[in-house]
Amino acid sequence: MQELLEWMEYIEDSRQQSKVRHTLKDILVIVLFATLANADDWVEMALFAEDYQDYLRKYIELKNGPPSHDTLRRVMGMVSPEILQQLYGKWQERLNRNEGELLKKIICIDGKTMRSNKRNGEKPGHIVSAWSKEDGYCLGQKAVGEKSNEITAIPELLEKIQVKGQIVTIDAMGTQTAIAEKIRNKRADYVLSLKANQGTLYEDVREYFEDPEFQKEIKERGIYKKTQEKAHGQIETREYYQTEKIKWLSQKKAWKGLKSIIMERKTLEKEGKRLIEYRYFISSLKEEIETVSRAVRGHWSIESMHWHLDVTFREDANTTIDKMAAQNLNIIRKWSLSILKTAEVSRHKLSMRKKRYVIGLRPIKHLEEVLES
């Protein structure tokens, strides 16, 4: 906790200091603590600060009393998202400083639109994030005008984060030769999804794996994995096939470092009905079916993070118009999600949303436990 407060002291405050009534540190602590304690908008955060100002004074000054909701919103619109992301990163580095590097980490890249962040004819903000599956935190993010801008945003995001030695996963929109080259130049590996928008590449890979003889050969060579899970009244079976035998692939030279292609066959069985889905990927990884299957399956973690932003933190219902303030709130929510992931606030096993609810019931008791854990 003390380290966090000390780091906040060094964040540059661009405001005219003679007119400052509330320090930047005060604002950031209030927003982070209130978000953990189940506050979703500026009014709720201001009410939290007002009700728990005596407790907050253990950590911050509040020389002029608790700030209004307008002040919270306005100041959070002045903070550089890059600086706030660095602060969040420092926190995560502290948590991970003694961890070993036994496995290549899965770095998932994907975008999410903040649907209520718009006014009149404006488009809502869209944020591309790099999410570490193993650490459960966001390494970096890039705000763009709309989803179609992800293609240009991903190389810029990759430039800002450390991915050396790790595996980057991206959905089909980001499956571009320039992005694959960028990942390899950063000395990382990639597993990139294919869809029909990739034209002949998708069709060639799909047709290859459709051949039963090739599937049989892959199984016999041991480059195959099968998993089965039972949940929500259904059985989910996943089969993974990988091969390095791709000399026949006409587009191979266009993709830097391309070494293998992959198929995932997912079968869902429920109430006597069966649904089969296929997904296809290209990768710079050699025939390592355990690693490849972990990367393919692991991409769900960023989708799960986006789901939590909407369900646990109600992001899509937040009507913050200021793009900078909305982006900073997005970082605070991801930071809170990282904290809640390992937090124990009850003897019961709770969802993230219910953890926030419990913290909100007794913040003085639970906030310190959560932040020191």
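Because the structure is a prediction, the values reported are computed rather than measured.

(A) Examining the sheet that holds strand β4 (residues 167-170) more closely. Taking strand neighbours across the sheet as the criterion, the nine strands line up as β3-β2-β1-β4-β5-β9-β8-β7-β6 in an open arrangement whose pairing is mixed. Either end of the sheet is taken by a strand with one partner, and the two such strands are β3 (137-144) and β6 (224-231). Strand-to-strand twist across the sheet, computed as the mean angle between neighbouring axes with direction ignored, equals 20°. Sitting on the sheet, helix α13 (residues 323-342) touches β2 (126-132) and β3, and the angle it makes with β3 is about 165°.

(B) Inspection of helix α12 (residues 300-311) at higher detail. For α12, spanning 12 residues, the distance from its first C-alpha to its last is 16 Å, which sits close to the expected 16 Å at 1.5 Å a residue. Of the residues making up α12, those classed as buried are Ser301, Ile302, Met305, His306, His308 and Leu309. Looking straight down α12, one finds that the buried residues subtend no more than 155° of arc, so they occupy a single side. Here the buried face of α12 lies against β1 (106-113), β2, α11 (289-298), α13 and α14 (352-361).

(C) Molecular detail of the pairing of strand β5 (residues 189-194). When you tally the buried positions in β5, you get six out of six residues, the bulk of the element. Where burial is concerned, the two faces of β5 agree: the one with Asp189, Val191 and Ser193 and the one with Tyr190, Leu192 and Leu194 are both buried. For β4 and β5, the ladder comprises four bridges, and the chain directions are parallel. The residue bridging threonine 169 from the neighbouring strand is valine 191, located in β5. Tracing the backbone out of β4, into helix α8 (residues 177-185) and back to the parallel element β5 gives a crossover that is right-handed. Direction of pairing for β5 relative to strand β9 (residues 273-283): antiparallel, over a ladder of four bridges. Across the sheet, residue serine 193 finds its bridge partner in β9, namely phenylalanine 281.

(D) Representation of the packing of aromatic side chains. Across all of its chains, the model carries 13 aromatic pairs by this definition. One cation-aromatic arrangement involves lysine 219 over tyrosine 224; the distance from NZ or CZ to the ring centre is 4.9 Å.

(E) Representation of the nonpolar core within the structure. Counting residues in each nonpolar core, the largest one holds 107 residues, and the members touching the most others are Phe33 and Trp335. Examining the composition of this core, we find that 10 residues originate from one element, helix α2 (residues 24-36), more than from any other. If near-sequence neighbours (up to four positions away) are discounted, tryptophan 335 is found in contact with Leu4, Leu32, Leu84, Leu87, Tyr88 and Trp91.

(F) Spatial organisation of the environment of glutamine 176. With respect to the element layout, glutamine 176 can be found in the loop between β4 and α8. Judged by relative accessible area, glutamine 176 falls into the partly exposed class, the value being 27%. With 172 residues separating them along the chain, glutamine 176 and histidine 348 place their C-alpha atoms 45 Å apart. Once you skip the residues sitting within four places of it in the chain, glutamine 176 turns out to touch Ile151, Gln198 and Trp255.

Parameters at a glance
- Residues numbered from 1 in each chain as written.
- Predicted model: local features only at pLDDT ≥ 70, side-chain atom pairs only at ≥ 80, totals over all residues.
- Heavy atoms only, no water.
- Pairing = 2+ DSSP bridges.
- Helix = DSSP H or I, 4+ residues; strand = E, 2+ residues; numbered from the N terminus.
- Axes fitted to C-alpha atoms, helices over the stretch in contact; angles between N-to-C directions.
- Contact = heavy atoms within 4.5 Å.
- Expected span 1.5 Å × (residues − 1).
- Buried < 20%, exposed > 50% of the residue type's maximum accessible area, 1.4 Å probe, protein only.
- Arc of directions from axis to C-beta.
- Right-handed = clockwise from strand over helix to strand, strands pointing away.
- Phe/Tyr/Trp six-rings, centres within 6.5 Å; stacked < 30°, edge-to-face > 60°.
- Lys NZ or Arg CZ within 6 Å of the ring centre and 35° of its normal.
- Core = buried A, V, L, I, M, F, W, Y, C linked by side-chain atoms within 4.5 Å.

Remember, this is a structural readout, not a statement about activity or role.
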